[in-house]
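# Descriptive structure summary
If you want the building blocks of each chain, they are given just below.
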Amino acid sequence: MNNRRLTQHRNGISIVGLICMMAFNNHYVLAATPPTPMFNKVTQESRLSSFPAWKYGGPVTVDLNRDGNYDLLLTNHDQWPTQLFYGSNKGAFTSGPHLLAQADVHGISAADYDNDGEVDVIITLGGGNGTQPKPPRLFKQQRGKFVDVTVQSGLANMGARGRSARWLDVDNDGDLDLIQINAEKMITEDVPRNLLFINQGDGKFKYHSSPLFEDIDAEKILISQLNDDQYPDLITFNAYSALQIWLGKINGQYENATKQYLPAHLQDVGFVTAIAQTDIENDGDTDLYLARGKSYYQIANNALSFDKKTTRLDIRDEGNKSQDGISFTSQGPIKLGDFYHFPRGPKLIKLPVFIGQHHARIDPPKRSITLTPELAKGKPTITESGWYIHYVGQIQQGENKGQHQWRLDWKLNDNLAWDIRASITGVTSIQPDWQPQALGVDDILLVNDNGRFVDASSRLPPQSKHNNWGVISADFDNNTYSDFFVYRFGELNKRVEDILLLNHQGQFTQVEGHGATALGSQAHGDMGTAFDIDKDGFVDIISGDDDNGQWQVFNNLGGVAQAASKANFIIVNVGYSASGIDPLGAKVVIEYHQKSATQAKGKIDKQVFTVGSISAAHSQSLMNIAHFGLGEANQVKTITVTWRDNSQLQQHDVAASQWISMGN
């Protein structure tokens, strides 16, 4: 039975799952193929309540209270507070305290910076477009309570247009230091763009000069270990500038190694929105998936979506001083809806809709408004900022004969918004005054080949050429190979299905109809996380839908078919080393014998997991609960954990499909 590609569901359970259950109950024998993972939305059951907000590349996944369950820190950017949810072993979350009720939150990172056994949190804040640079806010955990120690820690003296903070052991002395990658500074700012703070070991940090690092042009960052020299390396990126690779050196300095690691045709690659790092071929090397797309500001320039089937036209344009327009046709009346602008600056403005030559004014409609030709006759005089729509007349000849001709213009007399948006239904054809921009950008798959990345993007499906904003990685089908889940921006006002890519020995198959996207909304795919929420051995998905979307939870139904399909696992909870080193950066290596008929006799398979953030945009997770799919293997020969100080622990002959803990 070929179940690698599937598009049908029934009541949230895949057809494969139903067949496997029936086969098991009737003692049928099926080939030992891992089940195709299908997902069921369980947001309500999980109690992960959220606000309609801008997600900004979250969430943070971390075991904050060290109970063996991942917790979540959710970014909500500018309208709602940062949310904390504690996980449980039953798949349900409990709401915790709001760490920060302040707006303009971008990135969040979590780690135990003072080595007291409790995980702390740092939050970066924007700088009011450079007018009010702000330091990050550091929250020290004290028996489950989070205390703001920004001033005491020495971090309050230097502000910036904060974007992405990261915990890492810059100087390899055992405690965690802090770096902050920020938005481009304004001329009036007299501090470096990016900031590096060395941990003094007494709860305080001290600014440390690192000239090359301070001038990196990026807003997002992934911490990695590319050359195994104990100094963490940086992969910096955003949608506006080229991706760069920086090798960590002694004394907090960095070397630009982009040309050393990337092929020539990718040494200036841009439009990178998020990165996932994993070992896709189980050869011990770090491979990279680069999700690529255009940001809101790049999209907001002559962008449109037109669906002839639904007759809906969506438009986005820049909010700067400008004037533009589009002509379109209809069979009859049209409906105006979703006229909106993304506010810019503290002063609230309105961009009204003016109708016909008499300039009948409608403030941006909150609901659909029907407009007939009779109500919109006559060409308007375009003077003040706003939208102008009028009826031109009935078409007398050509393929659109008998249809109604309309005109929509918009004018901004100053830089008033970050973008402007409009939606009209009842449209049969369009004639823009400009060439609509193409939003799709090719994703890139980089495979590590002896210390240099090779472009393996040809292994990816056509959907990876769309506008993609996020990517996460996990072994969703427990077949021993890491898969990818890619978040798609979608249409301007329509959520589309995200991409699930199953990995088999480094080759990928796309699964359609997987159920792990909340379709039917006007939100967009942004970023998420993947871990086993309900402790059934299969990795689930949590997704943040941007542009006033919600956080969503999806349960992996692989466990339904597990008994018939043989998809074992092992999960290792990494604690502190014997010398007290925290888990960040620890490497977990498992060795086992796979029972496949094609497996070479005596061959030992190996998988590697590094504690930290598997994927990243603005936020950094601390994932110290390592999930490994084992396929048919029912025992792990050796589990080795190596901490940053090179101390090790091992366990031998561990039975599959269980959770174990290693370290203090």
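Keep in mind that what you see is a predicted model, and the values were worked out from it rather than measured. (Residues numbered from 1 in each chain as written. Predicted model: local features only at pLDDT ≥ 70, side-chain atom pairs only at ≥ 80, totals over all residues. Heavy atoms only, no water.)

## Examining the overall build of the chain
Across its full length, the chain carries seven helices and 47 strands. The C-alpha radius of gyration of the chain comes to 26 Å, within 12% of the 26 Å expected for a compact globule of 664 residues. Based on the C-alpha atoms only, the size of the chain along its principal axes is roughly 80 × 70 × 50 Å. Going through the 664 residues of the chain one by one, you find that 60% of them count as buried. Within the structure as shown, the chain displays about 26700 Å² of accessible surface, and the carbon and sulfur contribution to it stands at 48%. (Helix = DSSP H or I, 4+ residues; strand = E, 2+ residues; numbered from the N terminus. Rg over C-alpha atoms; globule rule 2.2 N^0.38 Å. Buried < 20%, exposed > 50% of the residue type's maximum accessible area, 1.4 Å probe, protein only. Areas by Shrake-Rupley, 256 points an atom, 1.4 Å probe, with all protein chains shown as cover.)

## Considerations on the pairing of strand β21 (residues 287-292)
Most of β21 is tucked away: six of the six residues are buried. Going residue by residue along β21, you find Asp287, Tyr289 and Ala291 tucked away on one face and Leu288, Leu290 and Arg292 tucked away on the opposite face as well. Pairing of strand β20 (residues 272-278) with β21 involves six bridges; the strand directions are antiparallel. In the sheet register, Val272 faces β21, and the bridge partner there is Arg292. (Pairing = 2+ DSSP bridges.)

## A look at the nonpolar core
Within the largest apolar cluster, 73 residues are counted, with the highest numbers of intra-cluster contacts made by Trp167 and Ile639. A total of five residues in this core trace back to one element, the largest contributor, which is strand β40 (residues 568-574). Residues Phe476, Leu500, Ala530 and Ala617 belong to the second largest nonpolar core, which totals 33 residues. (Core = buried A, V, L, I, M, F, W, Y, C linked by side-chain atoms within 4.5 Å.)

## So, the sheet that holds strand β4 (residues 60-62)
In space, the four strands of this open sheet follow the order β4-β5-β6-β7, with antiparallel pairing throughout. A strand with exactly one partner marks an edge of an open sheet, and here the two such strands are β4 and β7 (94-95). Looking at chain direction, β4 and strand β5 (residues 71-74) are connected through three bridges and run antiparallel. Residue pairing in the sheet places Val62 in a bridge with Asp71 of β5.

## Observations regarding the side chain of Ser429
Note on placement: Ser429 falls in strand β30 (residues 417-432). A polar side-chain atom of Ser429 sits 2.5 Å from a polar atom in the side chain of Thr329. Within the local environment of Ser429, its side chain forms a polar contact with the side chain of Gln431, the two groups lying 3.2 Å apart. (Polar contact = N/O pair within 3.5 Å; in protein donor to acceptor, adjacent residues only side chain to side chain.)

## Here we look at the packing of aromatic side chains
Inspection of the entire model under this criterion finds 23 aromatic pairs. Measuring from ring centre to ring centre gives 4.9 Å for Tyr289 and Phe484, while their planes differ by 50°; the resulting arrangement is tilted. One end of the pair, Tyr289, is in strand β21; the other, Phe484, is in strand β34 (residues 483-488), and 195 residues separate them in sequence. One exposure class covers both Tyr289 and Phe484, and it is buried. Centroid distance Phe609 to Phe628: 6.3 Å. Interplanar angle 75°. Geometry classified as edge-to-face. With Phe609 in strand β42 (residues 605-610) and Phe628 in strand β44 (residues 625-631), the pair connects residues that are 19 residues apart, well separated along the chain. Comparing Phe609 with Phe628, the two get one shared label, buried. An aromatic cluster is present here, built from Trp54, Tyr296, Phe342, Trp469 and Phe489 joined pairwise through their rings. For Arg344, the ring lying beneath its charged end belongs to Trp418, and the centroid distance is 4.4 Å. Sitting over the ring of Trp659, Lys535 keeps its end group 4.2 Å from the ring centre. (Phe/Tyr/Trp six-rings, centres within 6.5 Å; stacked < 30°, edge-to-face > 60°. Lys NZ or Arg CZ within 6 Å of the ring centre and 35° of its normal.)

## So, the sheet that holds strand β38 (residues 540-546)
Pairing within the open sheet is antiparallel, and its four strands lie in the order β3-β39-β38-β37. With one partner strand each, in any of the chains shown, β3 (39-41) and β37 (524-531) form the two edges of the open sheet. Shown here is a sheet whose adjacent strand axes are inclined to one another by a mean of 30°, direction ignored. In this sheet, strand β39 (residues 551-556) lies alongside β38 in antiparallel orientation, the contact comprising four bridges. For Ser543, the partnering residue across the bridge sits in β39 and is Gln552. (Axes fitted to C-alpha atoms, helices over the stretch in contact; angles between N-to-C directions.)

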